[in-house]
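Below are the chains, spelled out letter by letter.
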Amino acid sequence: MKKILSNKHIIACAAIVGSVFFYGSCTEELDIRTDPGPQRLVIYGTVADNDTGAEVWLQYTTGYFSTTQPERISGAEVVSFDGERELVLYEGEDGDTGIYRNPYGFSGEPGKTYTLTVKVDSDKDGNYEVYRASSRMPQPVHIGGVSLRPRSMLGISRTEVL
């Protein structure tokens, strides 16, 4: 008489049935408390090699499940230095509170190292703290070419970028 199911088949079937019962029977809801941590300062800045120039955002962190926008920080002194000249960034007005931008006409230069200095009362104790960071602007990547190729798979047509 021929053996219809091998041991491998029986083990595979048992694993599938067991998985269905294990994953299908999990209905208990977990309540995980995530206490908010202390607010921390976030400094996000960019220097571009086009007419957008430099922009720095100052704000505080928010809780993971927070539905409110992060609090932006006003009244800071923000300065960028490229080794030759110092550029003071000015805070926006009204809706741009906490966003500091360069005066018009500035654009970064690839290969230069930019140092950002931010003087701000981040812990709200009346004393200013100074934060400093440096980064070198990389050379632009030149794209040799882009080609498109139409493709169809399982009746779905799409264009593939090569």
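Rules behind the numbers
- Residues numbered from 1 in each chain as written.
- Predicted model: local features only at pLDDT ≥ 70, side-chain atom pairs only at ≥ 80, totals over all residues.
- Heavy atoms only, no water.
- Salt bridge = Lys/Arg side-chain N within 4 Å of Asp/Glu carboxyl O.
- Helix = DSSP H or I, 4+ residues; strand = E, 2+ residues; numbered from the N terminus.
- Buried < 20%, exposed > 50% of the residue type's maximum accessible area, 1.4 Å probe, protein only.
- Pairing = 2+ DSSP bridges.
- Axes fitted to C-alpha atoms, helices over the stretch in contact; angles between N-to-C directions.
- Phe/Tyr/Trp six-rings, centres within 6.5 Å; stacked < 30°, edge-to-face > 60°.
- Lys NZ or Arg CZ within 6 Å of the ring centre and 35° of its normal.
- Contact = heavy atoms within 4.5 Å.
- Patch = residues over 30% accessible without salt bridge, like charges linked within 9 Å, V, L, I, M, F, W, Y side chains within 5 Å.
- Areas by Shrake-Rupley, 256 points an atom, 1.4 Å probe, with all protein chains shown as cover.
- Core = buried A, V, L, I, M, F, W, Y, C linked by side-chain atoms within 4.5 Å.
- Polar contact = N/O pair within 3.5 Å; in protein donor to acceptor, adjacent residues only side chain to side chain.

Trainee: Residue-level account of the pattern of salt bridges, with values.
Mentor: As enumerated under the stated definition, the model contains seven salt bridges in all. Put simply, Lys-112 and Glu-84 hold a salt bridge, and the shortest N to O gap is 3.5 Å. Residue Lys-112 is located in the loop between β5 (99–101) and β6 (113–120), and its partner Glu-84 is located in the loop between β3 (77–81) and β4 (86–91); the two are separated by 28 residues in the primary sequence. On the accessibility criterion, Lys-112 (13% relative accessible area) is buried. Arg-101 is the partner of Asp-96 in a salt bridge, and the nearest nitrogen-oxygen pair spans 2.9 Å. Beyond isolated ion pairs, a larger network of salt bridges with shared partners links Asp-82, Glu-84, Arg-85, Glu-109 and Lys-112.

Trainee: Tell me about the sheet that holds strand β1 (residues 41–47), residues and numbers included.
Mentor: Pairing is antiparallel across the open sheet formed by seven strands, whose spatial order is β1-β2-β5-β4-β3-β6-β7. The two strands at the open ends of the sheet, each matched to only one other strand, are β1 and β7 (129–136). Taken over all neighbouring pairs, the strand axes of this sheet differ in orientation by 20° on average, direction set aside. Summarising the sheet, β3 and β6 pair through five bridges and their orientation is antiparallel. Its bridge partner lying in β6, Glu-77 is registered against Lys-119.

Trainee: Go over the packing of aromatic side chains with me, naming the residues and quoting the values.
Mentor: In total, this model carries one aromatic pair according to the counting rule given. The ring centre of Tyr-128 lies 5.8 Å from the NZ or CZ of Lys-119, which sits over that ring.

Trainee: Which residues make up the environment of Ala-48, and what are the values?
Mentor: Take Ala-48: it is sitting in the loop between β1 and β2 (54–60). Remark: the alpha-carbon pair of Ala-48 and Ser-107, spanning 59 residues in sequence, is separated by 6.1 Å. Each residue touching Ala-48, except ones within four places of it in the same chain, is listed here: Gly-53, Ser-107, Gly-108 and Met-137.

Trainee: Describe a nonpolar patch on the surface, and please don't skip the residues or the numbers.
Mentor: Together, Ile-143, Val-146, Leu-148 and Val-161 give the surface a local cluster of nonpolar side chains, amounting to about 450 Å² of exposed area. The topology assignment puts Val-161 in strand β9 (residues 156–161).

Trainee: Just give me the short version of the nonpolar core, but keep the residues and values in it.
Mentor: In globular proteins that are soluble, nonpolar side chains generally tend to be buried together. Formed by 16 residues in total, the largest nonpolar core has its most connected members in Val-56, Leu-58, Ala-76, Val-78, Leu-89, Tyr-100 and Val-118. Beyond its immediate stretch of four places on either side in the chain, Tyr-100 contacts Ala-54, Glu-55, Val-56, Leu-58, Ile-73, Ser-74, Gly-75, Ala-76, Val-78, Leu-89, Tyr-90 and Glu-91.

Trainee: Can you lay out unusual backbone geometry for me, pointing to particular residues and giving the numbers?
Mentor: In this structure, Lys-124 takes a positive phi of about 55° despite not being glycine. Within the fold, Lys-124 resides in the loop between β6 and β7.

Trainee: I'd love a proper account of the pairing of β1, names of residues and values included.
Mentor: For β1 and β2, the ladder comprises seven bridges, and the chain directions are antiparallel. Its bridge partner being in β2, Leu-41 is matched across the sheet by Tyr-60. Hairpin connection from β1 to β2: six residues lie between these consecutive antiparallel strands, with Gly-53 at a positive phi of about 60°.

Trainee: Give me the pairing of β9: which residues, what numbers.
Mentor: Pairing geometry for strand β8 (residues 148–153) and β9, over six bridges, is antiparallel. Bridge assignment links Ser-152 to a residue of β9, and that residue is Ser-157. Remark: two residues form the turn of the hairpin made by β8 and β9, two consecutive strands paired antiparallel; Leu-154 in that turn has positive phi of roughly 55°.

Trainee: Can you lay out the side chain of Asn-102 for me, pointing to particular residues and giving the numbers?
Mentor: Secondary-structure assignment places Asn-102 in the loop between β5 and β6. Residue class for Asn-102 comes out buried when judged on its relative accessible area of 12%. Of the polar contacts made by the side chain of Asn-102, one reaches the backbone nitrogen of Ala-54; its length is 2.7 Å. Excluding anything up to four places from it in sequence, Asn-102 contacts Thr-52, Gly-53, Ala-54, Leu-87 and Leu-89.

These values are about where atoms sit, not about what they do.
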